[in-house]
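Survey of secondary and tertiary structure
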Amino acid sequence: MQINLTAEDDIFRSDVRQFLDDHLDADLRRAGELASGICGDHEQTMRWHKILHDKGWVAPNWPVAFGGTGWSDMQRYIWINECARANAPRLYPMGLGMIGPTLTVCGTKQQQEKYLPRLLSGEDIWCQGYSEPGSGSDLASLQCQAVRDGDDYVINGSKIWTSYAQHATHIFCLVRTQKTGKPQQGISFLLIEMDTPGISVAPIITLAGDHEVNQVFFDNVRVPVEQIVGEENDGWTVAKTLLTFERSAAYAARLGTRLTQLKQLIDDIDPDQSEAMQRRFGEISVRVQAIEMTEFRVQAALAAGQSPGAASSQLKVMGTEVQQAIDELAIEALGIYAAPWQQHLREMGNNQKPAGPEATMKFMPDYLNNRAATIYGGSSEVQRNILAKLALGL
Ligand SMILES: Cc1cc2nc3c(=O)[nH]c(=O)nc-3n(C[C@H](O)[C@H](O)[C@H](O)COP(=O)(O)OP(=O)(O)OC[C@H]3O[C@@H](n4cnc5c(N)ncnc54)[C@H](O)[C@@H]3O)c2cc1C
């Protein structure tokens, strides 16, 4: 398949490349390169956020009326790809990618005016309070309770795996407001300030040694009723709206960047590569190309006003599983150098050299953290269930 950009998109891509060349300094690129979780170093992430805000490019998927860029689907795709190629830090997705666009659709005028400008500027940072210790894939079973008391809801319970809650000023939460009827019908969607009395955050340190996820506890937390989004007991509708913004369909560029680094690593460490190693590298390269072609198909469908159908589930499964295949081959190539614990070397400002090639600093944390990629955002098993229904009609 031959993919050609239109002249307009080609100019857009050149402009984006020029902007990234001009604004991504060494610290920002390093933070992007060394990030092995969803995002990387907090300070650099927020520095990049402010640069994009000043340029007016911080929220490409928001409507223009609320501060979006007005780019086409293809231009947004080009933007994501160019950022990945340049190792730009990834911005926190829960605010700009999830609650922001959701409020543009489901929020009241007061909520939009109160929250959206501060989210764009980076003054407010949001986290997502959906999962609970007993509720993940089966989210509708959630138990964190909100009881109406005068003009407030009183919240008791906890949320878990809450990414970046330690930096967040706000959390959007699914809470149970009714215990009878279908589980989905008794859920409400609340906007909560993290400094409200009764909220506490406990860190969960990941396999790679990063502080990315947390458990958030609610002990008689009072939240004014005007903080509800949508109707009481109809939060599931809001959650489904949010889900349409949560799924991103751009894996190929980031995988391509990782593949280039993997090739470099294999060439450096094992110049007489075995046939088996070469064959596995070739297989992974073909899978990355297949993902890229699927992404182009999605772009073509969107440009023609069609729905991409089951493609977002397909891309989630393919993108995250190929990422793990890249990580596994890298760890095999690294061999003994994969063993030392060198987490501290990834801190910004560190100038110590790792034991073994530079790539150990990237690939080992990636290998450990990316185990989670086939779980969060809808696990591979759950995506395959969706594919079985939507694509195979089972
Ligand atoms: C790094 C990381 C960051 C996260 N960040 C957030 C966040 O910011 N906010 C938030 O709310 N949540 C977050 N999550 C939680 C995430 O959404 C859940 O982990 C995910 O939905 C899976 O739920 P669970 O962990 O309860 O596993 P379970 O749902 O208990 O699943 C356990 C296993 O059973 C399988 N399984 C479950 N149901 C089915 C089924 N019907 N058919 C076949 N197999 C099934 C799953 O695939 C999995 O292998 C994060 C998770 C991780 C790992």
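This one's a predicted model, so the numbers in the text were calculated from it and none came from an experiment.

Some remarks on the site of the ligand
S137, W161, S163, S379 and E381 are the nearest of the 15 residues found near the ligand. Taking 980 Å² as the accessible area of the ligand by itself, protein coverage stands at 65%. Of the domains in this structure, domain 2 (126-240) and domain 3 (247-390) are the two that each give at least three residues to the shell around the ligand.

Focus: the domain arrangement of the chain
Interfaces are often described in size by the accessible area the parts lose on coming together. What the domain assignment lists for the chain is domain 1 (7-91), domain 2 (126-240) and domain 3 (247-390). Between the C-alpha centres of domain 1 and domain 2 the distance comes to 30 Å. Together, the buried faces of domain 1 and domain 2 total about 390 Å²; carbon and sulfur atoms form 52% of this surface. Along the contact surface separating domain 1 from domain 2 lie 0 salt bridges. Within the side of domain 1 that touches domain 2, the residues separate by chemical class into 2 nonpolar, 3 polar and no charged.

Topic: the packing of aromatic side chains
Per the counting criterion, the structure on display carries 13 aromatic pairs. Judged by centre distance (6.0 Å) and plane angle (70 degrees), the rings of Y77 and F296 are edge-to-face. Residue Y77 is located in helix α4 (residues 73-85), and its partner F296 is located in helix α9 (residues 275-303); the two are separated by 219 residues in the primary sequence. Residue class for F296 comes out buried when judged on its relative accessible area of 16%. Judged by centre distance (5.3 Å) and plane angle (85 degrees), the ring pair of Y115 and W126 falls under edge-to-face. Placement of Y115 in helix α6 (residues 109-121) and of W126 in strand β1 (residues 126-129) is noted, with a sequence separation of 11 residues between them. Of the two residues, Y115 and W126, neither departs from the other in class, the shared state being buried. Here the aromatic residues F12, F19, W48, W57, W71 and W79 are joined through ring pairs into a cluster of three or more. Lying over the aromatic face of Y153, R148 brings its terminal NZ or CZ to 6.0 Å of the ring centre.

Analysis parameters
Residues numbered from 1 in each chain as written. Predicted model: local features only at pLDDT ≥ 70, side-chain atom pairs only at ≥ 80, totals over all residues. Heavy atoms only, no water. Near = heavy atom within 4 Å. Areas by Shrake-Rupley, 256 points an atom, 1.4 Å probe, with all protein chains shown as cover. Domains from an automatic or database assignment. Buried area = accessible area lost by both parts, 1.4 Å probe. Salt bridge = Lys/Arg side-chain N within 4 Å of Asp/Glu carboxyl O. Nonpolar A, V, L, I, M, F, W, Y, C, P; charged D, E, K, R; others polar. Phe/Tyr/Trp six-rings, centres within 6.5 Å; stacked < 30°, edge-to-face > 60°. Helix = DSSP H or I, 4+ residues; strand = E, 2+ residues; numbered from the N terminus. Buried < 20%, exposed > 50% of the residue type's maximum accessible area, 1.4 Å probe, protein only. Lys NZ or Arg CZ within 6 Å of the ring centre and 35° of its normal.

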